[in-house]
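Structural characterization, general
This is what each chain is made of:
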Amino acid sequence: MEPLKPEVRQWILDEHPQASPEDIDEYERLLSQRFTVDPDLPMAPEESAQLNDDEQRLEELYNKLFSTP
């Protein structure tokens, strides 16, 4: 995954005043983390629960950063 370009980060902050630079950082971290998980490998219940939490948070951040105001 490629980090968001500075102009895209600034656009997000300009268009979505509720968003913070920390939200963008967290979004990028969670999105990158998604690509480290092999969906074909079995997971422990704790890992699966954490993955579900991360996916839910990723969706929340996506809506916060990219939804139409």
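No experiment lies behind these values; they were computed from the predicted model shown. (Residues numbered from 1 in each chain as written. Predicted model: local features only at pLDDT ≥ 70, side-chain atom pairs only at ≥ 80, totals over all residues. Heavy atoms only, no water.)

What sets the pattern is the α-helix's 3.6 residues per turn: residues three or four places apart point alike. With 14 residues, helix α2 (residues 21–34) extends 20 Å from end C-alpha to end C-alpha; this agrees with the ideal 20 Å at 1.5 Å per step. Tucked into the core, α2 has its buried residues touching α1 (6–15) and α3 (45–66). (Helix = DSSP H or I, 4+ residues; strand = E, 2+ residues; numbered from the N terminus. Expected span 1.5 Å × (residues − 1). Contact = heavy atoms within 4.5 Å.)

A word on α3. Under the 1.5 Å per step criterion, the end-to-end length of α3 is 31 Å for 22 residues, consistent within 8% with the ideal 32 Å. Buried residues of α3: D54, L58, L61 and L65, and no others. Buried residues of α3 fall within an arc of 70 degrees about the axis and therefore sit on the same side. Facing away from the buried side of α3, by more than 90 degrees, are the exposed residues P45 and E59. In this structure, the buried residues of α3 make contact with α1 and α2. (Buried < 20%, exposed > 50% of the residue type's maximum accessible area, 1.4 Å probe, protein only. Arc of directions from axis to C-beta.)

Turning our attention to the packing of α2 against α3. Where α2 meets α3, the axes come as close as 9 Å, and the angle between the chain directions of the two elements is 135 degrees. When the interaxial angle is binned, α2 and α3 end up oblique. For α2 against α3, the interelement crossing comes out left-handed. Listed contacts from α3 to D23, I24, E26, Y27, L30, L31, Q33 and R34 of α2 are D54, E55, R57, L58, L61, Y62, K64, L65 and F66. A per-class count over the contact of α2 with α3 returns nine nonpolar, one polar and seven charged. (Axes fitted to C-alpha atoms, helices over the stretch in contact; angles between N-to-C directions. Parallel < 35°, antiparallel > 145°, perpendicular 65-115°, else oblique. Left-handed = near helix turned anticlockwise from the far one by under 90°. Nonpolar A, V, L, I, M, F, W, Y, C, P; charged D, E, K, R; others polar.)

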